[in-house]
Amino acid sequence: MAEKNSKRTWLTGWDPEDEDAWHQGGRRVAHRNLVLSVLSEHIGFSVWTLWSVLVLFMTPETGLAFAPGEKFLLVATPTIAGALLRLPYSYAVTRFGGRDWTVFATLILLVPAALALYFVRQPGTPLWVFLLIGALSGVGGGTFASSMTNITAFFPQRHQGWALGLNAGGGNLGVAAVQLIGLAVIHTTGRDHPEYVAAVYLPLIIVVAVLAARLMDNVDAVRTAPKVQREAARCPDTWWISLLYIGTFGSFIGFGFAFGLVLQYEFGTSPVQAMGYTFLGPLLGSLSRPLGGRLADRLGGARVTLWNFLGMATGTTLLVVASLTGSFGLFVGGFTALFVLSGLGNGSTYKMIPGVFARRAEVAVTGGADAAQAFARARRLSGAAIAIAGAVGALGGAAINVAFTVSYADGSGSGTPAFLSFLAYYSVCVLIIRFVYLRQEAPRASTAPDGIREASRA
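Treat the numbers as computed from the prediction; the structure is a model and nothing was measured.

Engineer: Honestly, the overall build of the chain in this entry has me stumped. Any pointers?
Structural biologist: What the chain contains, in helices and strands, is 19 helices and 3 strands. Counting only residues that meet the buried cut, the chain has 58% of its 458 residues in that class. Considering only residue pairs separated by 6 or more positions, the chain has 84% of its internal contacts joining residues 24 or more positions apart.

Here's what the structure looks like:
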């Protein structure tokens, strides 16, 4: 079993692939850290997507009258900032440890939450102030990368699809949670107190930070060799999967930020009506992410992701039809389906990452490389590739909002041009999976450990 160094509080000698150690206590340690990781990431996502709710309160009556393009820019800003922070956050957890970095990453959320609480109640506040606060909210998006990198070190390969899906899904639920809180605030206090939405999170941030400090562990297995992210960036698979993740997570977070505004400009719904629908899609999409990981564990990540993109293309076609015919029910139904499918795709796409690098390790072992070193390297590269894909995928959320900005800028009230661009991208993703992964899928090597062989089903 791993032992704790009291001076540095690091779990040393941690090996989740050791079956005896896993059953004698490793599983308990991994699940404890997973629960705290989910809580921190959940709060991070809520603060990150806080402006998807607050922007609905910004009306001429509140003294915050911004044009549609300005509002879409405001919700795109935290998306971009969160994407850019994911690579340094992923590296930081390998430098400072999962527990120590989780405590810091949670506490820093107090800054954008407190600023949002104050300025959203100040009529006449210029747009640049909100853009700055929105950029600061990006620290919530960064927690995803550090959390996912940390969790890969605790779980054996055969359980990583489920563990990563559960970790990310619990975090993604923060998107739905903040919208539910916004709905509760508007129903209990009216449209005059948006600051209450931010106020809810201040004590929660402190509680989660204290729990993480007391109950989480730093594990030496999460440490990576210098320049490992650069090595992962040289691998073509990292970028192929990043393109796929733009289609899944980029859609999820982009739609999560924009759905309320789209309903307002497409069908003229009020803020109250919009928030009555916006929480459902992110909620179902978050719950479906672990299922996507579980299906990928059983059926293979590439196969599940292929069918997922075919479904997303169908859902987007429904949005085009609904937009052209003015069918509100079909529009909400199509969007909800896209949220669910993007959640499934998030889980299955991330499952592909450890599988791809494990398969590369198998090839190296059959060529005479040391098995232990080959699979240890695969784990390090998987963590780095997860960080890169997470950052690139989050930028897809900003692209979603840019597409909507262009679509609604002419005053036509139709998002059809944006939906057609999404349909084209999903079609490209189908081709990537079909011709890069399914056609070229290599047979699994018999030299790999059982857990690694199971994980290598990309």
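Engineer: Please clarify how the nonpolar core should be interpreted in this entry.
Structural biologist: The nonpolar side chains of a soluble globular protein tend to be buried with one another. One finds Phe255, Phe331, Phe335, Phe404 and Phe422 to be the most contacted residues of the largest nonpolar core, which totals 125 residues. Ignoring anything within four residues of it in the chain, the contact list for phenylalanine 422 reads Phe255, Thr316, Ile400, Ala403 and Phe404.

Engineer: Please explain the packing of helix α14 (residues 280–299) against helix α15 (residues 301–325) as it appears in this structure.
Structural biologist: Each packed pair of helices is defined by two parameters, the angle between the axes and the distance between the axes. Two numbers describe how α14 lies on α15: the axes approach to 7 Å, and their chain directions differ by 130°. By the angle between their directions, the pair α14 and α15 is classed as oblique. Of the residues in α15, those in contact with Leu295, Ala296 and Leu299 of α14 are Gly301, Arg303 and Val304.

Engineer: Explain the side chain of serine 146 to me, please; I cannot follow it from the model alone.
Structural biologist: For serine 146, the position within the fold is in helix α7 (residues 138–152). The class for serine 146 is buried, based on a relative accessible area of 6%. Of note is the side chain of serine 146, whose polar atom sits 3.1 Å from the backbone oxygen of threonine 143. Residues within four places of serine 146 in sequence aside, it is in contact with Tyr89, Ser90, Val93 and Trp101.

Engineer: Sorry, what's going on with the packing of aromatic side chains here?
Structural biologist: How two aromatic rings sit relative to each other is given by the distance of their centres and the angle of their planes. For the structure shown, the criterion picks out 36 aromatic pairs. Plain terms: the ring middles of tryptophan 51 and phenylalanine 130 are 5.5 Å apart, the flat faces sit at 65° to each other, and that makes the pair edge-to-face. You can see tryptophan 51 sitting in helix α2 (residues 50–54) and its partner phenylalanine 130 sitting in helix α6 (residues 127–136), a full 79 residues away along the chain. Residue class for phenylalanine 130 comes out buried when judged on its relative accessible area of 0%.

Engineer: Could you clarify how one ought to interpret the pattern of salt bridges in this entry?
Structural biologist: Pairing of side chains with opposite charge becomes possible as their charged atoms draw close. A complete count under the given rule lists 4 salt bridges for this structure. Two residues, arginine 32 and aspartate 217, come together in a salt bridge whose shortest N-O distance is 2.4 Å. On the criterion of sequence distance, the pair formed by arginine 32 in helix α1 (residues 19–48) and aspartate 217 in the loop between α10 (201–215) and β3 (218–219) is long-range, its members being 185 residues apart. Two residues, aspartate 100 and arginine 99, come together in a salt bridge whose shortest N-O distance is 2.8 Å. Assessed through its relative accessible area of 32%, aspartate 100 is described here as partly exposed. With relative accessibility at 18%, the residue arginine 99 sits in the buried group.

Engineer: Even after reading the chapter, I still don't get helix α4 (residues 98–107), so can you show me in this structure?
Structural biologist: In an α-helix, one turn spans 3.6 residues, which is why side chains three or four residues apart end up on the same side. Most of α4 sits inside the fold, with 7 of its 10 residues counted as buried. Those residues of α4 that are buried lie in contact with α1, α3 (68–96), α5 (110–119), α7, α10 and β3.

Engineer: Help me out: how do you make sense of the environment of threonine 149 in this one?
Structural biologist: Here threonine 149 is to be found in helix α7. On a C-alpha basis, the gap between threonine 149 and serine 382 in space is 8.5 Å, while along the polypeptide they are 233 residues apart.

Calculation criteria
- Residues numbered from 1 in each chain as written.
- Predicted model: local features only at pLDDT ≥ 70, side-chain atom pairs only at ≥ 80, totals over all residues.
- Heavy atoms only, no water.
- Helix = DSSP H or I, 4+ residues; strand = E, 2+ residues; numbered from the N terminus.
- Buried < 20%, exposed > 50% of the residue type's maximum accessible area, 1.4 Å probe, protein only.
- Contact = heavy atoms within 4.5 Å.
- Core = buried A, V, L, I, M, F, W, Y, C linked by side-chain atoms within 4.5 Å.
- Axes fitted to C-alpha atoms, helices over the stretch in contact; angles between N-to-C directions.
- Parallel < 35°, antiparallel > 145°, perpendicular 65-115°, else oblique.
- Polar contact = N/O pair within 3.5 Å; in protein donor to acceptor, adjacent residues only side chain to side chain.
- Phe/Tyr/Trp six-rings, centres within 6.5 Å; stacked < 30°, edge-to-face > 60°.
- Salt bridge = Lys/Arg side-chain N within 4 Å of Asp/Glu carboxyl O.

Interpretation note: all reported values are geometric properties and have no functional meaning in isolation.
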